[in-house]
Amino acid sequence: MRDCCGLLTLKNEPVPLKVISVQLKVQGFVADVCSTLSYENSESSPVEAVFVFPMEEDSSVYDFHAEIGGVKIQAEIREKQEARDTYDDALSSGQQAFLLEESDESRDVFRLSVGSLPAGQKATVCLSYVTELAVEADGALRYCLPAILNPRYTPAGAQSLTTPVSGASGGPVPYSLSFSAHLASPSGVAQVKSNCDLTPLEYLGDDKTQAQVSLSPGHKFDRDVELLVYYSHPHQPTAIVEGGLASATPGSLMGDPLVMVSLYPEFPAAASTPQSSCGEFIFLVDRSGSMDCPMSNMESGPMRIESARDTLLLLLKSLPLGCFFNIYGFGSHFEAFFPESVEYTQQTMDSALGKVKGMGADFGGTEILEPLKDIYSKACRPRHPRQLFVFTDGEVGNTKDVINEVKKHAGTHRCFTFGIGEGASTALIKGMARAGSGHPEFITGKDRMQPKVMQSLRFALQPAVNNIVLNWDVPAGLEVVPVSETPKVLFRGHRSILYAQLKGKFDESAVGRASLQYSLGDEPHKTEISFKLQPDKHTGLTTHRLAARTLICSLEEGGSVEGEGGDKEKVKEKVVKISTEARVISTHTAFIAVNKDLNQAVQGPLIQRNMRPQMMACSFMRSSPRSLPMMMMSGGGFGASAYNPPMVMRQCAQMSNTAVFHCSETGPEPDKEDPMLTLISLQKADGSWELNESLVSVFEKKEQEAISKMPAEVSDRAVWATVLALLWLHGFKAELKEEWEFLAMKALSWVKAQAGTSLKLCLEAGNRLLGCKVEPQTLDL
């Protein structure tokens, strides 16, 4: 079989997609993106090309148009089935048509159909969307242009979004990507980082509030493009007032001004330091075959399952004594380490660690719904709030069912999610965290999983915030109508974005105020911002589009219509109404464009082009026949046919009831054992270490040498060993403190209780032995 990829027929014929061009405009923490796809039909017959691609799940697609032969064809947004019928009618009559629709099952998968492209003709398709940018732990704003749509494992009885076909070995993608970004913030642009080669950052003024950057020439769209934007003063509360659309009905969402407020709640340092031993911690870990691929699709490195094992080690060592925990592995089936959550002791920790070492990516497919149901079927423990941590590469087909299951039990737990590797479903990872009042994280490329997981553990151990109230203070005669819900959960330093509609007349020179009030324990707190009511003239309709998307998502995730309750048809009608008025795509609507200026029908038999996966070094084959239905070429939208993406995607093939998984033949070279992980693995549940050869070898010393340097006043070797471990972490692994901070806190509490007045002597002797200079105040002594 010859090398081939991208848009292909079943006979491996070439794809008409030639160039993808992306222009990114970042204003504050909002991105406005315009993507242009250029096609060329070099064949002797007209073609229909189908392009399936991923997008961030909270993106708001607001514009879609095509250009053929110099003629611009503007798309209209309609109810989805009506749009599909119009598209089919156009093709059957020989007209040119374009259809853009969102998946019924997952908000982060889109399908673009380019119909009746005449022989020898070129076409350009443009789509635009806005999205809120995620904030990383270090304050960076993260924009990701996905290049990978992983095949979504689909349980029995469901239809697949991305059912792949066999074939297509690796080779260079037949289309190129150009990418440019314009960045603007009153806080000042400090720097930009990327996993791809960039041109030098160019400032457009001395104040550095605007800058631009591009991908270096020659980039092939063979990986996710990730951009990290750092501002000089991050975490600043902001408020933007945006005027309504003049042509829209006054009093409607699009006709009235809107305000978008971004707040960063801050808690006292003492309140944000985890001290409680309460809590039930359940870790749900993906063990499907896809977890045996590298963390990065472009470089050698640890496998996803290896990184998950290392992270579980860190988590188990960081849990406080007295809490409860359990670990589940899931794939085509699931297994729990214990029948129910157990108390965290030395014995249970050792038992769990032994099982973690044996965890492999050997559970077949990815069915997450059943283990979730099993977890929720077990009663919560009084005074031990349940915290669920989910690790997955996000390849499931029943995304909405999974999110709804989490939402049903939102009152009894918090759900923290981790998308592992490029191509993880943003709809699944963000949707579960949102439904479970938790926090989502994505680990791609060279990212270390451990710091992001520990950040979420910090959130989980943070005292509960309650009595959350949002208040608006505006001039008389002005009514504030919230568009987004008041936050159900707050985390220290985590951004909360709020949208509200401004009804009535007001003086644009007046000032409004938004305040978020909440209680931490018995102590009240407040975060607020004042803002001018004068609309910002540079935002266009960005705020309105984001607000419309927020309202649509709320309705689609089980919201109700005033006076109608949760009636599905009434909710759909409301979604379609908002979607068409705001020109923002939804599950129930689609963009349709028909070239009505074409004077004659396109001649010749219509050839269909479909997506075929580019092979990676990593591939997997599953035994479950239901997960791999054969590819069909019929129309009818998502679920009715099997459409495969033109971007890098793992190849799946159906084999005679035999489960096979393999990565590249050689595989990455095994890494030398990480000394920090070795040290962590030796820690006991109470936080202490024993003095033995395994521990002192981490320090590159001999056991007898360590014993001889122990102060005579110290009788307990465990005290000496624990002090040495703490000194080594602070002295030689300070840059990874966010990973070991919790287990060090536990160790410090133990050693303070045991060492007494000899602790200072241990510090001095330990510094001399290890050759470091850790001050007593560094250890909070």
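Computed from a predicted model, the values in this text were never measured in an experiment.

Trainee: Can you walk me through the packing of helix α13 (residues 717-732) against helix α15 (residues 759-770) in this structure?
Mentor: When two helices pack together, their arrangement is captured by the angle between the axes and the distance separating the axes. At a closest axis distance of 9 Å, the pairing of α13 and α15 adopts a crossing angle of 55°. Taken as axis vectors, α13 and α15 run oblique relative to one another. The element α13 and its partner α15 pack so that their crossing is right-handed. On α15, the residues that touch Val719, Trp720, Val723, Leu724, Leu727, Trp728 and Phe732 of α13 are Leu759, Cys762, Leu763, Ala765, Gly766, Asn767, Leu769 and Leu770. Of the residues belonging to the contact of α13 with α15, the class tally is 13 nonpolar, two polar and no charged.

Trainee: Hey, could you run me through the pattern of salt bridges in this one?
Mentor: Pairing of side chains with opposite charge becomes possible as their charged atoms draw close. Taken as a whole, this structure holds 30 salt bridges when the rule is applied. The partner of Asp256 in a salt bridge is Lys503, and the shortest N-O contact between them spans 3.6 Å. Of this pair, Asp256 sits in the loop between β18 (238-242) and β19 (258-263) while Lys503 is found in strand β29 (residues 496-503), placing the two residues 247 residues apart along the sequence. Take Asp256: its relative accessible area is 10%, and that puts it in the buried class. Residue Lys503 is classed as partly exposed on the basis of its relative accessible area, which comes to 25%. Residue Glu581 is joined to Lys577 by a salt bridge in which the shortest nitrogen-to-oxygen separation is 3.0 Å. Here Glu581 and its partner Lys577 are both found in helix α9 (residues 568-582), four residues apart, which amounts to about one turn of the helix.

Trainee: What is the right way to read the nonpolar core from this model?
Mentor: Grouped burial of nonpolar side chains is what soluble globular proteins tend to show. Phe281 and Phe391 are the most contacted members of the largest nonpolar core, which has 86 residues in total. Counting residues per element, this core draws most heavily on α13, at 11 residues. Not counting chain neighbours up to four residues away, the residues in contact with Phe281 comprise Leu319, Cys323, Phe324, Phe325, Asn326, Gln387, Phe389, Leu457, Ala460 and Leu461. Among the nonpolar cores identified, the runner-up in size contains 78 residues, and Tyr62, Leu100, Phe110 and Ala181 belong to it.

Trainee: I'm lost on the side chain of Lys317 in this one. Help?
Mentor: With respect to the helices and strands, Lys317 occurs in helix α2 (residues 304-318). A polar atom in the side chain of Lys317 sits 3.1 Å from the backbone oxygen of Ser681. The contacts of Lys317, once residues within four sequence positions are left out, are Tyr344, Met349, Leu353, Ile680, Ser681, Leu682, Gln683, Lys684, Leu743 and Lys746.

Trainee: What is the right way to read the sheet that holds β18 from this model?
Mentor: Strands in a sheet are paired, the pairing made by backbone hydrogen bonds, and the direction either parallel or antiparallel. Strands sit in the order β18-β19-β29-β28 across an open sheet of four strands; the sheet is antiparallel. Edge positions in the open sheet fall to β18 and β28 (479-482), since each of these has one partner strand only. Direction aside, neighbouring strands of the sheet carry axes that sit 25° apart on average. Two elements, β19 and β29, share six bridges in a ladder whose sense is antiparallel. Bridging across to β29, Leu258 finds its partner in Gln501. Contacts from helix α8 (residues 542-556) reach β18, β19 and β29 within the one sheet, and its direction differs from that of β19 by about 80°.

Trainee: Is there a simple way to explain the pairing of strand β21 (residues 324-330) in this structure?
Mentor: The side chains of a regular strand alternate, residue by residue, between the two faces of the sheet. When you tally the buried positions in β21, you get seven out of seven residues, the bulk of the element. Side chains Phe324, Asn326, Tyr328 and Phe330 of β21 all project onto a buried face; the interleaved residues Phe325, Ile327 and Gly329 project onto the opposite face, where all are buried too. As defined by bridge partners, β21 adjoins strand β23 (residues 342-343) across two bridges and the pair is classed as antiparallel. Along β23, the bridge assignment pairs Phe324 with Glu343. Examined bridge by bridge, β21 and strand β22 (residues 334-336) share three bridges and lie antiparallel to one another. The residue bridging Tyr328 from the neighbouring strand is Ala336, located in β22. Once β21 ends, the chain turns through three residues before running back antiparallel as β22.

Parameters and conventions
- Residues numbered from 1 in each chain as written.
- Predicted model: local features only at pLDDT ≥ 70, side-chain atom pairs only at ≥ 80, totals over all residues.
- Heavy atoms only, no water.
- Axes fitted to C-alpha atoms, helices over the stretch in contact; angles between N-to-C directions.
- Helix = DSSP H or I, 4+ residues; strand = E, 2+ residues; numbered from the N terminus.
- Parallel < 35°, antiparallel > 145°, perpendicular 65-115°, else oblique.
- Left-handed = near helix turned anticlockwise from the far one by under 90°.
- Contact = heavy atoms within 4.5 Å.
- Nonpolar A, V, L, I, M, F, W, Y, C, P; charged D, E, K, R; others polar.
- Salt bridge = Lys/Arg side-chain N within 4 Å of Asp/Glu carboxyl O.
- Buried < 20%, exposed > 50% of the residue type's maximum accessible area, 1.4 Å probe, protein only.
- Core = buried A, V, L, I, M, F, W, Y, C linked by side-chain atoms within 4.5 Å.
- Polar contact = N/O pair within 3.5 Å; in protein donor to acceptor, adjacent residues only side chain to side chain.
- Pairing = 2+ DSSP bridges.

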